[in-house]
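Inside the fold
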Amino acid sequence: MDRAFQRTRILTNHLLLPPPAQTACLTSNDCLNYSPPELSEKYAFDVNEMRRLMDGHDVEERDRLFGLIIQSKLFNPRVRGGKVFVSPDYNQSMEQQREMTWKRIEYLLERGVFRGWMTGEGEEMEMKRFACFEVLGIFDHSISIKLGVHFFLWGGAIQFFGTKHHHDKWLRDTENYMIKGCFSMTELGHGSNVRGIETVTTYDSNTGEFIINTPCESAQKYWIGGAAKHATHTIVFSQLNINGTNEGVHALIAQIRDADGNVCPNIRIADCGHKIGLNGVDNGRIWFDNVRVPRENLLNSVADVSPDGKYLSSIKDPDQRFAAFLSPLTAGRVNIAVNAVYQSKVGLSITVRYALTRRAFALKANEPEVLLLDYPSHQRRLLPLLAKIYAMSFGANYLKMLYVKRTPQSNKTIHVVSSSFKATFTWSNMQILQECREACGGQGLKTENRVGHLKAEHDVQSTFEGDNNILMQQVSKALFAEYMAAQKRNKVFKGLGLEHMNKPCPVIPSQLTSTTLRSSQFQMDALCLRERELLNRFVADVSQCQARGESKEHAFNTNYQLAEDLGKAFSDQAIFQTFVDAEATLAAGSLKDVLGMVRSLYALTCLEDVTYLRYGYLSVDNAAAVRREITKLCSELRPHALALVSSFGIPDAFLSPIAFNWIDANSWTSVQH
Amino acid sequence: MASSVSSQHDQILVEVNSSARILTLNRPKQLNALSLQMICRMLELFIAYEEDPNVKLVILKGKGRAFCTGGDVAAVVHDIRTGGWRAGANHFMKGYTLNYLMATYSKPQVSILNGIVMGGGNGASMHGRFRVATENALFAMPETAVGLFPDVGASYFFSRLPGFFGEYLGLTGARLGGAEMLACGLATHFVPSAKLSMLEAALYAVDSSDPEIISSIIDQYSEQPSLKEQSVYNRLDVIDRCFSQKTVEEILSALEREAVNGRDRWISATIQTLKKSSPTSLKISLRSIRVGRLQGVGPCLVREYRMVCHVLRGEFSKDFLEGYRAILVDKDKNPKWEPSKLELVTDTTVDRYFAKVIGEDWDDLKLPVRSKFNLPPYVIAKL
């Protein structure tokens, strides 16, 4: 080419082209490249089929809702590394976050998402509603709680404690958000011990009205979701005092704000203030000063007061009467348990994807650095947690089915299983998110990467709808009661998964081989053995205390360590059972094979628990064999890691920048744009 | 320094201009409808250019008053009649493969949309990095009117438009001008046609594949056109309210509710358009866009290939042939759709369009493996 042309071209370039961007030298340098994990990892099974198994129901409904969220500016879409992510702006003030939560609810309301939630009925509708809560919970905890208070607590209380005229009057308006409900149970002085609350309601037969009072500061209603800003009505729990007799805790409806949002007379409301998470929910405190409500506002399915002031109840036993009042909390508890599993799915999806693209340290000089997930230690940190979430997904599906198919006979089972799963799932969620946060290194600390922030948002799960420790104690007490009942009547165990107690005690082989360790029969035996032995021991120790003249309650309190271990043993076994049942529905194939490995990893992780050595259910040698097998399973599951998290079915937009091209998401160009 | 390496009769004209390659769709009488030959030629060229270090940029344009009006439906129907539906499906298989190549291309593609761009023409442009619209641009995906559905990856790029605008465009086949294309993101730039030759000259001088650099060059010739007051894009709130509904039936009733609230010719025209379209097409199109929203471009094309095979096979509905007859052959504009009503198209029927075709040695679309190139981030999502 001639010189003249070359010179012309150089001059043209000087004139026409902008100076090369500062980034040009950075992008052309191939120091570190992002390579999507999809390019190197292969799916050995159909991830869509796995997702259907895991989600269990309403996959299309879930995807529609995901789509509704992604398409609206209200859900704060942000572009990072060429991809759109939706997540609330947690840098907004508490006030702004609350406002946004409410606007999002209005958007979903307009699009008919809540249609049938209060006025419809049946298993199908209830399952669909659970699915929607799971999706909304993946977007943000606040919106899910704000809706949960309105529909499950306020709406649920009206459905369960109310009678026809309450249903006719309130359910449609609740579904359409003509009114906004909240649920005033907890007080400053009483949380888990609802029977001790101090708010008092009396009846004035002259006017046919109830009068609600907050007699002291410790009786102020506390943590009431929706009360600080938006709620117009509330369910009030109080001691019903009729003619000087305390009839125990009852629920009635009171209006707390008018249609314009002004607080009603004789009501005082204060804000609970800024929290470590969940700031999109307006938790408030309420005081009642001689608030009068019509007689019809008593939710009277369990008990009623006649116009002339006589207390009437079909349930004579106050204990049973009280238990009937706690039933809406069960739906909430199911919701929380399931939601916790989905949060872990978000955390694990992000963390595993990051571990498949982020490298650290080369084994030799001039070699490429090693992918995080190719380190056995990193596999050991994440893959057992992945297995746990698979197990808990099946547990969650079982729990939902148990709930929607409820009968008066299944109430006890629902209470025990929901308590145990709620505590187990929410505790493990916090553990998983913490591990994920650390496994993402510094990136885990950025709010936009979600994993770290989710911890703060979901910490409350171990407290609300029943403190986890107390729920687990209730599980042990229920098992104790089952044991005593079977013994007293000299009958076999039936229910709560205790049937294995009727069979001879399983024997653990003295030398555990790989084949044995991976057999579901052995895994089941080992889990049943621990539950059985701990229950026997718990009963023996409590009985011993009682024989010394201690009360049963005191004996439970002093044997708290055994109670905790027993509750955990029950949960692990019950969850494992649901895994085995889900696996049994599958035809032979790659999906079932991988799921079998996941099941083994879950079971062996349970067997690694300290109780097996503490009480000698496993020999030291066998415990070592379990540990070795876990390592092997981790390396065998490593090639399936991406497929396993992809099967969670969480759309890209609900993960975070480090789950995708984190180099581009952090490039200088992205700073300029 | 420009050199032409093709004859005037070629359906794709190829020009070499330093680092740029200019491909011109050259079937002006047919408004540049894509023949199988054109698709295969473009596949060849795109594959070769990606390997060739001398090529930095590919420019795609159309000869005459159209950029491209889509696939050659007459040829597809002819092939079905002579060789069975599989012969027709071959057009789509090749076309979708080209769409995928463009969507994951490692070098920038600049499409100059100075005229009609419809159907498959959108497949040939929207997946590329830069779409330059002019005042002559006229966009539409009118497939539901002929018993098809928006394909060529439309379930990917429609589902990523703001709000529920994609559902609106896909179901109604509504037309957009250049300014509207820019506003909604279908076009990346708006350049008046008078400046096109200058823009092209500037692009020939580029010796880089850096999208930032190319973007800044196009920026220099770009304008920010204002939307007409009656533009559909100004009705985004109504569109969002109606087209976010769960089903086609609910979308229609939402539109009818809006029509009650105020007399509006646009709303009644929209309702009429929907009522005239194939009920089967409407339902599978809506599902396709909704599903596409959560999928990558590859899975979108694989799914659309399944769907189009079912459409061509005509097992559940023969609306495609009927639409072809009524709109393109007899031109009576009065197709007799079967099933004839929305309520007759059940969810189970719709499900079938998304399932694999059973038997006949059929296989899913096999997309080329693209891992060889370290794909730049914008290939994952361009819209």
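Numbering of residues starts from 1 in every chain and runs along the sequence as written. Going through the entries in the order they are written, you letter the chains from A and number the ligands from 1. Under the rules for a predicted model, residues below a pLDDT of 70 receive no local features and side-chain atom pairs below 80 are neither given nor counted, while totals for whole chains, interfaces and linings still include all residues. Excluding hydrogens and water, the side-chain values take into account all heavy atoms of the structure.

Chain B goes by 3-hydroxyisobutyryl-CoA hydrolase in an unreviewed UniProt entry, where it is assigned to Hibiscus trionum. UniProt positions are given in the numbering used here, feature names are shortened, and annotations may be inferred rather than shown by experiment. UniProt annotates chain B under Sequence similarities (unreviewed entry) with the comment "Belongs to the enoyl-CoA hydratase/isomerase family." Under the Function (unreviewed entry) heading, UniProt states for chain B: "Hydrolyzes 3-hydroxyisobutyryl-CoA (HIBYL-CoA), a saline catabolite. Has high activity toward isobutyryl-CoA. Could be an isobutyryl-CoA dehydrogenase that functions in valine catabolism."

Per an unreviewed UniProt entry, chain A goes by the name Acyl-coenzyme A oxidase and belongs to Hibiscus trionum. Heading Catalytic activity (unreviewed entry) of the UniProt record for chain A holds this comment: "a 2,3-saturated acyl-CoA + O2 = a (2E)-enoyl-CoA + H2O2".

**Description of the overall build of chain A**
Secondary structure is summarised from DSSP: a helix means a run of H or I of at least four residues, a strand means a run of E of at least two, and numbering begins at the N terminus for each. Along the backbone of chain A there are 25 helices and 15 strands. Based on C-alpha atoms, the radius of gyration is set beside the globule rule, defined as 2.2 Å times the residue count to the power 0.38. In terms of overall dimensions, chain A is globule-like: its C-alpha atoms have a radius of gyration of 28 Å, near the 26 Å expected for 673 residues. Here the C-alpha coordinates of chain A stretch approximately 110 × 70 × 40 Å along the principal axes. Across the 673 residues of chain A, 56% fall into the buried class. As presented, chain A carries roughly 28400 Å² of accessible surface, and 52% of it is formed by carbon and sulfur atoms. Chain A carries 74 positive and 72 negative side-chain charges, and their two centres are separated by 2 Å. Partly exposed describes any residue whose relative accessible area lies between the buried limit of under 20% and the exposed limit of over 50%, with all areas from a 1.4 Å probe on protein chains only and scaled to the type maximum. Throughout, the Shrake-Rupley method with a 1.4 Å probe supplies accessible areas, and for residues the shown protein chains are the sole cover considered. Two residue types count as positive, namely Lys and Arg, and two as negative, namely Asp and Glu; His and chain ends fall outside the count. The atoms used to mark charge sites are NZ of Lys, CZ of Arg, CG of Asp and CD of Glu.

**A look at the confidence of the model for chain B**
Residue and element names in this part refer to chain B. On average, residues of chain B score 92 in pLDDT, and 95% of them reach the 70 mark or higher. Below a pLDDT of 50 lies the segment residues 376-383, which in the model reaches 29 contacts outside its immediate sequence neighbourhood of four places, other chains included. Two numbers describe this predicted complex: its pTM, 0.89, and its ipTM, 0.82. Along the chain, pLDDT gives the predictor's confidence residue by residue, from 0 to 100. Between two residues, a contact is recorded if the distance between any of their heavy atoms is within 4.5 Å.

**Concerning helix H7 (residues 123-139) of chain A**
For the α-helix, the turn length of 3.6 residues means that residues three or four positions removed from each other point alike. To estimate the expected span of a helix, subtract one from its residue number and multiply by 1.5 Å. With 17 residues, H7(A) should cover 24 Å at 1.5 Å per step; its first-to-last C-alpha distance of 25 Å lies within 8% of that length. Of all 17 residues making up H7(A), 14 are buried, and the element is well covered by its neighbours.

**A few points about the interface of chain B and chain A**
Where interface size is given, it is often the accessible area lost as the parts come together that is meant. Between chain B and chain A, the contact holds 25 residues from the first and 30 residues from the second. Buried area counts how much accessible surface, traced with a 1.4 Å probe, disappears from two parts once they are put together, with both parts' losses summed. Roughly 2500 Å² of surface becomes buried between chain B and chain A when both sides are summed, with 57% attributable to carbon and sulfur atoms. When a carboxyl oxygen of Asp or Glu lies within 4 Å of a side-chain nitrogen of Lys or Arg, that pair is called a salt bridge. Remark: the boundary between chain B and chain A carries two salt bridges. A salt bridge links A:Glu61 to B:Lys246, with the nearest nitrogen and oxygen atoms 2.8 Å apart. N or O atoms within 3.5 Å of each other form a polar contact, as long as, within protein, one can give a hydrogen and the other can take it, and as long as residues adjacent in sequence are counted only when both atoms are side-chain atoms. In this assembly, chain B and chain A are joined by nine residue pairs in polar contact (both at pLDDT 80 or more). At the level of secondary structure, the elements contributing two or more residues to the side of chain B that touches chain A comprise helix H9 (211-221) and helix H10 (236-243) of chain B. It is H9(B) that contributes the most residues to the side of chain B that touches chain A, four residues altogether. When residues are grouped by polarity, Ala, Val, Leu, Ile, Met, Phe, Trp, Tyr, Cys and Pro land in nonpolar, Asp, Glu, Lys and Arg in charged, and all others, Gly among them, in polar. A per-class count over the side of chain B that touches chain A returns nine nonpolar, eight polar and eight charged.

**Quick look at the UniProt feature "domain: Enoyl-CoA hydratase/isomerase" (unreviewed entry) in chain B**
Here the UniProt-annotated "domain: Enoyl-CoA hydratase/isomerase" (unreviewed entry) positions come out as residues 21-354 of chain B. Within residues 21-354 of chain B, the helical portion is 51% and the strand portion 10%, while the C-alpha atoms at the span's ends are 38 Å from each other.

**Observations concerning unusual backbone geometry**
Of note, the bond from B:Glu338 into B:Pro339 is cis; its omega dihedral lies within 30 degrees of zero at 0°. As for its position among the elements, B:Pro339 is in the loop between helix H15 (319-329) and helix H16 (347-353). Within the chain, A:Asp58 stands out as a residue other than glycine whose phi angle is a positive 55°. In this structure, A:Asp58 sits in the loop between helix H4 (47-55) and helix H5 (59-70). A positive phi angle is found at A:Leu496, which is not glycine, with a value near 55°.

**Some details on the side chain of B:Asp72**
Examined against the element boundaries, B:Asp72 turns out to sit in the loop between strand E5 (66-68) and helix H2 (73-83). Residues in contact with B:Asp72, not counting those within four places in the same chain, are B:Arg27, B:Ala33, B:Leu34 and B:Ser35.

**Concerning the UniProt feature "domain: Acyl-CoA oxidase C-alpha1" (unreviewed entry) in chain A**
Feature annotation in UniProt assigns "domain: Acyl-CoA oxidase C-alpha1" (unreviewed entry) to the following positions: residues 329-479 of chain A. What you have in residues 329-479 of chain A is 70% helix and 3% strand, and the ends, taken at the C-alpha atoms, are 21 Å apart.

**What to know about the sheet that holds strand E6 (residues 221-225) of chain A**
Residue and element names in this part refer to chain A. For two strands to be treated as a pair, DSSP must find no fewer than two bridges joining them. Read from one edge of the open sheet, three strands run E6-E10-E9, paired in antiparallel fashion. Strand pairing shows two members of the sheet lacking a second neighbour, E6 and strand E9 (267-271), which therefore form its edges. Neighbouring strand axes in the sheet, compared pairwise and without regard to direction, differ in orientation by 35° on average. Axes, fitted as lines to C-alpha atoms, cover a helix only where it is in contact. Angles between the N-to-C directions of the axes lie from 0 to 180 degrees.

**Observations regarding the pairing of strand E2 (residues 83-86) of chain A**
By the bridge criterion, four bridges tie strand E1 (residues 77-80) of chain A to E2(A) in an arrangement that is antiparallel. Across the sheet, A:Pro77 pairs through a bridge with A:Val86, a residue of E2(A).

**Quick word on the state of the cysteines**
Covalently bonding the sulfur atom of one cysteine to the sulfur atom of another cysteine gives a disulfide. Pairs of cysteine sulfur atoms within 2.5 Å are identified as disulfides in what follows. A complete count under the given rule lists zero disulfides over all chains for this structure. In this model B:Cys242 remains outside any disulfide bridge; the closest cysteine sulfur is found in B:Cys184, 18 Å from its own.

**Thoughts on a positive patch on the surface**
Patch membership needs two things, relative accessible area over 30% and no salt bridge, and members are linked within 9 Å if like-charged or within 5 Å if nonpolar (Val, Leu, Ile, Met, Phe, Trp, Tyr). Together, A:Lys477, A:Lys488, A:Arg489, A:Lys491 and A:Lys552 give the surface a local cluster of positive charge. With respect to the helices, strands and loops of the structure, A:Arg489 is situated in the loop between helix H15 (468-488) and helix H16 (514-517).

**What about the UniProt feature "domain: Acyl-CoA oxidase C-terminal" (unreviewed entry) in chain A?**
Annotation from UniProt places "domain: Acyl-CoA oxidase C-terminal" (unreviewed entry) at residues 523-655 of chain A. Between the end C-alpha atoms of residues 523-655 of chain A the distance is 34 Å, and the span holds 78% helix and 0% strand.

**Describing the environment of A:Arg627**
Residues and elements named next belong to chain A. With respect to the element layout, Arg627 can be found in helix H22 (residues 620-637). Taking the C-alpha atoms as reference points, Arg627 and Glu608, separated by 19 residues in sequence, lie 6.9 Å from one another. Filtering out sequence-adjacent residues up to four positions away, Arg627 remains in contact with Arg380 and Glu608.

**Regarding the confidence of the model for chain A**
Mean pLDDT for chain A: 94, with 96% of residues reaching 70 or above. Across residues 20-29 of chain A, where pLDDT falls below 50, the model places two contacts with residues more than four positions away in sequence or in other chains.

**Re the nonpolar core**
Core analysis: the biggest nonpolar cluster contains 303 residues, and B:Phe165 and B:Met181 have the highest contact counts within it. The element best represented in this core is helix H12 (residues 376-404) of chain A, accounting for 15 residues. Residues within four places of B:Phe165 in sequence aside, it is in contact with B:Leu176, B:Cys184, B:Val232, B:Tyr233, B:Leu236, B:Ile239 and B:Asp240. Core analysis: the second largest hydrophobic core is formed by 20 residues, B:Val110, B:Leu203, B:Tyr204 and B:Tyr221 among them. Here the nonpolar core consists of buried residues drawn from Ala, Val, Leu, Ile, Met, Phe, Trp, Tyr and Cys, with membership extended through side-chain atoms lying within 4.5 Å.

**Quick look at the pattern of salt bridges**
All names here are of chain A. Counted by the stated rule, this structure contains 59 salt bridges over all chains. Put simply, Glu60 and Arg52 hold a salt bridge, and the shortest N to O gap is 3.0 Å. Judged by relative accessible area, which is 47%, Glu60 ranks as partly exposed. The exposure class of Arg52 is partly exposed, given its relative accessible area of 46%. For Glu636, the salt bridge goes to Arg518, with nearest N and O atoms at 2.9 Å. Placement of Glu636 in helix H22 and of Arg518 in the loop between H16 and helix H17 (520-547) is noted, with a sequence separation of 118 residues between them. By sharing partners, the salt bridges in this structure join Arg51, Asp55, Arg62, Asp63, Glu134 and Lys400 into a single network.

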